[in-house]
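Here's the letter readout for the chains.
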Amino acid sequence: MTLTLYIGALLTFAAVAAGGEEWPYYAADANSSKYAPLSQIDGDNFAQLQEVWRYTAPDKAIAERQYLWTATNKGTPLMVGGVLYYGSPFNILCAVDPTSGAELWTFDPKVWENYEGFTGILRGIAYWQSGGKQRIFYATSTERLYSIDIETGQPDPAFGEGGFADLSKGLRRPIDRSRYCVTSAPIVCRNVVVVGSAIVDWHGRSPAPYSTPGDVRGFDAHTGEQVWVFQTVPQAGEYGNDTWENDAWQTFGQANVWSAMSADDELGYVYLPVSSTTHNYYGGERPGANLFSQTLVCLKAATGERVWHYQLIHHGLWNYDPPVPPVLADIKVAGKAIKALALVSKQAFCYVLDRTTGEPVWPINERAVPQSKTPGEQSWPTQPFPSKPAPYDRQGLQKDDLIDFTPELREKALAILQKYEHGPLFTPPSEKGTLVLPGGLGGADWSGAALVPPKNVLYVPSRTDPAVVWLEKVKNPRAFSAYASFKRSAEYVNGLPLTKPPYGRITAIDLDTGEHVWMRPVGQGPVNHQALRGLDLPAMGWFHYNYVLATETMLVVVSQQPDWWGDLSDDDFVEQSPYLRAFDLETGAVLAELKFPGSPHGSPISYMAGGRQYLVFPINDDDGGPQLVALALPE
C-alpha cells in the first residue's frame, strides 16, 4: 500500500478507535491483564463466530525462496490507532487493516539472512507515543532494538544508529551472538524503553570461560541512548554481590528477562521477572542464594534504580524461570486497598505482593526442602512457600500422585516411579535422574494468565507434565561446570500420563481473598484410551498450551494443537484438532466450543473496529505458514 493510502487508513480508523477498544500492549495494557472490556461476543453467540479474514506474513514466501523453515508463530499483534501491528517469526513488522486483513506496509530487517539460534521466535512488540511521535519498538534475533515510525513504516533516523540500537554493545562483557537475542516485547515507561534478552543456557556442550550476561537495559525512547543498565548478577560493590560465593559473580551470567514485563506508569516502576542463572540444574560453582536469579525485581523506569525485589527461588536448580509478566491489580483485602501484583509461575505458585513495597499480601513462609546428593552441590536449605493462594497445579511427585484408573496401570506407574529420585516440590536433580513436577514447561508458562479487573479474579492456565532431569559428570576440565544436565518428558504408562488428571486446566483465583473460585479441565483428554474404555470418566484436559484472554462476558481459551501423541491413536485421543472455548467467568462452565481454523502458537487479542468485535490469533500451519486469523460474528 502507498503511504498516501496508509495515512488515509489511519485517519479513517482514528474516529472509530477513539470511541472503541484497542489492544495497545502485548498483554492488553501495561498491567498485563489480557482483558478487553468488550461484550459484543458472549456465551450465547460464541458458536456463531466465523473466520472473517486471514493475513499471511511475508515469511512464507521468504522461507520458500530461501529454503528456510518457520516452525512457529508466537507473535501477538497490537491494535492501536485503527491499525494492527504484528511482528512475524522472521522479525518483519507488518501493518495490517484490522477489519479486512489487508497489508498496509511492512518493514523487513532481513534477520533471515543470518538464520540461527532464536530466528523464528518473536512474541511481541511495543507501542509508544509522545507529542506527535508514534513508534513501534521491537528487538530482533540479530540483537537490534528498532524504533519504527508508524507514519512511514521505516526506522526513525534520530534513534540510535540510524533507527536501531545495537544490543550487543553496552554490556559488562562481550556476548556470544549465536546464543543471545530478544524474543519478547519491550515495555515503555516514562519515555524509557526497557529491554530484556533471551540466552541459550549452558548444558555441557562446550567449554566457556564465562556465561553471557542477562542484564536488563533502558533506552531513551527519543534518541536510542542507553540510559541505564541493571546487572542481574550484582558486580563488586553492588547490592546482592555477597549472594555469590567464591567470586562466582565474575564468571556467571544469564539471569535474563526473556519474558515480557509490566509497568506502573503512575509510580514510574517496571517489574522484571528475572530468570535462572547458568546453568539451570547444577550450581556447584555458584554457591549462595544467587540474587537476582529467579527474582521479581522492581526498578524505577527513569533511572534503573532498584526499588525492591523478591526472590522466588534461592540457588535455583529446576529451570523454574518466571515465564510471564506480573499482573498488576488494585485489590481490597479485609477492607484494605492494596496496589498489588500477582505473578504466576512454573512451580504452580501465585505470588501476590504489594507492588509499591514488594511485601507479600499474605505470608510467604520459608520451608525446609530436600537437599542435593550430587558432589559439589550446595543446595539451599529452604524455599519460599506462599500461604495464599493455594497452588493451582500438582507439585512434587509421590505415590499418591500416580495414575490409578486400574490396578495394572497403577503397578506400572509405581515401577516407573521407583527408577528415579522423587519427592515433594524442589527435590533436586541427581545423577540417578529425578522426576520433577511441575516440569520445565510448568505449571504456568509464557502463555500467561488473564485478569478481570472489575472482579479481581485471575484466570490461570496450567499443565501437569512431569519431566526427568539427570546430571552427568563433565570430563573436560576446561568446561564451565562440573556437571552437564539433560531433560526429557517422564515415561508414560501404556501411552497415558504418569500422574492423575487433570493434565491441562484453568484455575480461577480471587485476588481479594486469595481463594480459588473454580478449577476446570481444558478439553476431554484421553478418556477413550483403550485402557480406560467403559470407565465413564469425566474430562481430563491435556498438555496443550492454552492461551487466554478475558472480556466482560467470558474467558476465551484457545488450545494449541498437541505436538506429541504418545501411544494414542486417532480413536483414543479425540482432540487432535485445536479448539476454541468460552468459559463462564463465575462458574467455569463451558459456554461454547468450536474447532479452531488453524494451529494457534501465541496469545490472542480482541478489539473493536467499525462497530464489530474481533478476536485475532497468531497461527502457524504447514501449508499456510505464519498467519493471523480473525474471527467475528456474522455482519
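Residues numbered from 1 in each chain as written. Predicted model: local features only at pLDDT ≥ 70, side-chain atom pairs only at ≥ 80, totals over all residues. Heavy atoms only, no water.

## Some points on the overall build of the protein
Selection rule: Each helix corresponds to a stretch of at least 4 residues labelled H or I by DSSP, and each strand to a stretch of at least 2 residues labelled E; elements are numbered beginning at the N terminus. Atoms counted for the radius of gyration: C-alpha only. Globule rule: 2.2 Å times the number of residues to the power 0.38. Accessible area is worked out with a 1.4 Å probe on protein chains only. A residue is then buried under 20% of its type maximum, exposed over 50%, and partly exposed in between. Residue contacts are defined here by distance: any two heavy atoms, one from each residue, within 4.5 Å place the two residues in contact. Counted charges follow a simple rule, with Lys and Arg positive, Asp and Glu negative, and His plus the chain ends left uncounted. All charge positions are set by atom: Lys at NZ, Arg at CZ, Asp at CG, Glu at CD.
Tallying secondary structure elements over the protein gives three helices and 40 strands in all. Here the C-alpha radius of gyration of the protein, 24 Å, is about what a compact globule of 635 residues would show, namely 26 Å. Looking at the protein as a whole, 63% of its 635 residues qualify as buried. Here the contacts in the protein between residues at least 6 apart in sequence split such that 64% fall between residues at least 24 apart. Between the averaged position of the 49 positive side-chain charges in the protein and that of its 69 negative side-chain charges there is a distance of 5 Å.

## Topic: the nonpolar core
For the record, the criterion: By convention a nonpolar core is built from buried Ala, Val, Leu, Ile, Met, Phe, Trp, Tyr and Cys residues, the set being connected through side-chain atoms within 4.5 Å.
Core analysis: the largest hydrophobic core is formed by 55 residues, its most contacted members being F46, W53, L84, L580, Y607, V616 and F617. Excluding residues that lie within four positions of it along the chain, F46 makes contacts with I41, M554, V556, L580, R581, A582, A592, L594 and L615. Of all hydrophobic cores here, the second largest spans 50 residues; its members include A329, L353, V460 and I509.

## What about the sheet that holds strand β2 (residues 50–56)?
In plain terms, the rule: At least two bridges found by DSSP between two strands is the condition for calling them paired. Axis lines are fitted through C-alpha atoms, for helices just across the contact stretch, and the angle between N-to-C directions can take any value from 0 to 180 degrees.
If you walk across this open sheet you meet the four strands as β2-β40-β39-β38, and the pairing is antiparallel. Both outer strands of the open sheet, β2 and β38 (605–609), are each paired with one neighbouring strand and no more. If you compare each strand with its neighbour and ignore which way they point, the axes differ by 30 degrees on average. Bridge analysis of β2 against strand β40 (residues 625–632) gives six bridges, and the strand direction is antiparallel. Bridging from a neighbouring strand, E51 pairs with L631 of β40.

## Let's talk about the sheet that holds strand β30 (residues 467–473)
Pairing is antiparallel in the open sheet, where three strands are placed in the order β27-β30-β31. The sheet is open, and its two borders are formed by β27 (434–436) and β31 (483–489), each paired with just one other strand. In this sheet, neighbouring strand axes are inclined to one another by 30 degrees on average, regardless of whether the strands run parallel or antiparallel. As paired elements, β27 and β30 share three bridges and run antiparallel to each other. From the neighbouring strand, T434 faces β30, where its bridge partner is V469.

## Here's the deal with the side chain of S559
Heads up, the condition is: Each polar contact in these results corresponds to two N or O atoms within 3.5 Å; when the atoms are within protein, one needs to be able to donate a hydrogen and the other to accept it, and residues that are neighboring in sequence are counted only if both atoms are side-chain atoms.
With respect to the element layout, S559 can be found in strand β35 (residues 555–559). Of the polar contacts made by the side chain of S559, one reaches the side chain of N546; its length is 2.5 Å. Those residues in contact with S559 that sit more than four places away from it in its chain are V522, H544, Y545, N546, P578, Y579, R581 and P600.

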